[in-house]
Amino acid sequence: MPIRVTWLFILLSLMPIKAWADSSAIKKPAPIRFATLEDFKPFAWCDNGVPKGIDVEIVTLVMDRIDHPYVIECIPWKRALSSIKSGKVDALFSAYKTSEREAFAIYMNSPTHLSIFSVFVPKGKAFSFNRLEDLYGKTVGITGGYSVNPEFDKARLAGRFKVQELSSADSGLKMLARGRLDAYVNGKHVGLFTARNLGITDMIEPLDRPLHEPKPAYLLFSKASNLRNKDQLISEMNQALDLLWKSGEVDQLTERFILTTEPVAETP
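Let us look at the structure shown here. Keep in mind it's a predicted model, so treat the numbers as computed, not measured. (Residues numbered from 1 in each chain as written. Predicted model: local features only at pLDDT ≥ 70, side-chain atom pairs only at ≥ 80, totals over all residues. Heavy atoms only, no water.)

Some remarks on the state of the cysteines
Thinking step 1. Following the criterion strictly, the structure yields one disulfide and no others.
Thinking step 2. Paired through a disulfide, Cys46 and Cys74 show a sulfur-sulfur distance of 2.0 Å. In this structure the cystine formed by Cys46 and Cys74 twists about its S-S bond by roughly 80°; its chirality is therefore right-handed. Taken together, the residues Cys46 in strand β3 (residues 44–47) and Cys74 in strand β5 (residues 70–75) connect sequence positions 28 residues apart.
Thinking step 3. Note on Cys46: relative accessible area 24%, which makes it partly exposed. (Disulfide = S-S within 2.5 Å. Helix = DSSP H or I, 4+ residues; strand = E, 2+ residues; numbered from the N terminus. Buried < 20%, exposed > 50% of the residue type's maximum accessible area, 1.4 Å probe, protein only.)

Notes on helix α3 (residues 77–86)
Thinking step 1. Within α3, burial applies to Ala80, Leu81, Ser83 and Ile84. Axial view of α3: buried residues confined to an arc of 160°, hence all on one face.
Thinking step 2. In this structure, the buried residues of α3 make contact with β5, β6 (91–96), α4 (99–102), β7 (105–107) and β14 (215–222).
Thinking step 3. Just past α3, the residue Gly87 takes up positive phi, approximately 85°. (Arc of directions from axis to C-beta. Contact = heavy atoms within 4.5 Å.)

A short note on the pairing of strand β10 (residues 139–143)
Thinking step 1. For β10, the buried fraction is high: five of the five residues fall into the buried class.
Thinking step 2. Of the two faces of β10, the one carrying Thr139, Gly141 and Thr143 and the one carrying Val140 and Ile142 are both buried.
Thinking step 3. In this view, the connection linking β10 to its parallel neighbour strand β11 (residues 162–166) by way of helix α5 (residues 150–157) has right-handed handedness.
Thinking step 4. Across two bridges, the pairing between β10 and strand β12 (residues 183–187) is parallel. Across the sheet, Val140 pairs through a bridge with Ala183, a residue of β12. (Right-handed = clockwise from strand over helix to strand, strands pointing away. Pairing = 2+ DSSP bridges.)

Structural data, given as structure tokens:
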């Protein structure tokens, strides 16, 4: 009889430990592994290994809302796409939607940001801009390697305006501020953020009309990811991100970031 009582006591004492272990495992799911770009200011970049940017803050808000652990790693663009294809990372932000990428990725319903290409001009030298023809005869700067849109590229090849390619947004906006360009074309948020970082916000301005319709950039999940409950997590994240847009929080965050974020020190 004492032996039976002893074994019963041991079994009962072990049960709460197992229950606690099971409960602990449920409360600590594997973190979502996000990849983002190393240097895509103001949307995403890494400062001494710390992810920063508009998209980073939006993703952080979404993850806080669904209360799920996550990690964000800044990696080169080509490696990020390769990692999404293979499932080495669970998700990537932010990327344009293409049929090729939809073959290996699941896109969120709402974008993380909208890319708006604007025409920047020197302060006080704004001109009427309602169509591409309004750029004819002008000297226009763009960042080297960029394709603005098919219409712009066609007019460029036809010599309708002179295009000067610059190494970076910094170079383009500096030349614009010095009066060496009639206009400079780049993403609106990129231009405004860069101008603030350079301390020339009062020397340049974007024209009211964008060069083309806003283009959405998304967070996408890898179809090859073995993340547990992936479909449920995507559904919860979609709801959280949709609410951020509907409440106006995305627009408020973007504006606050562009206007108030401390200037970023240039990498030597």
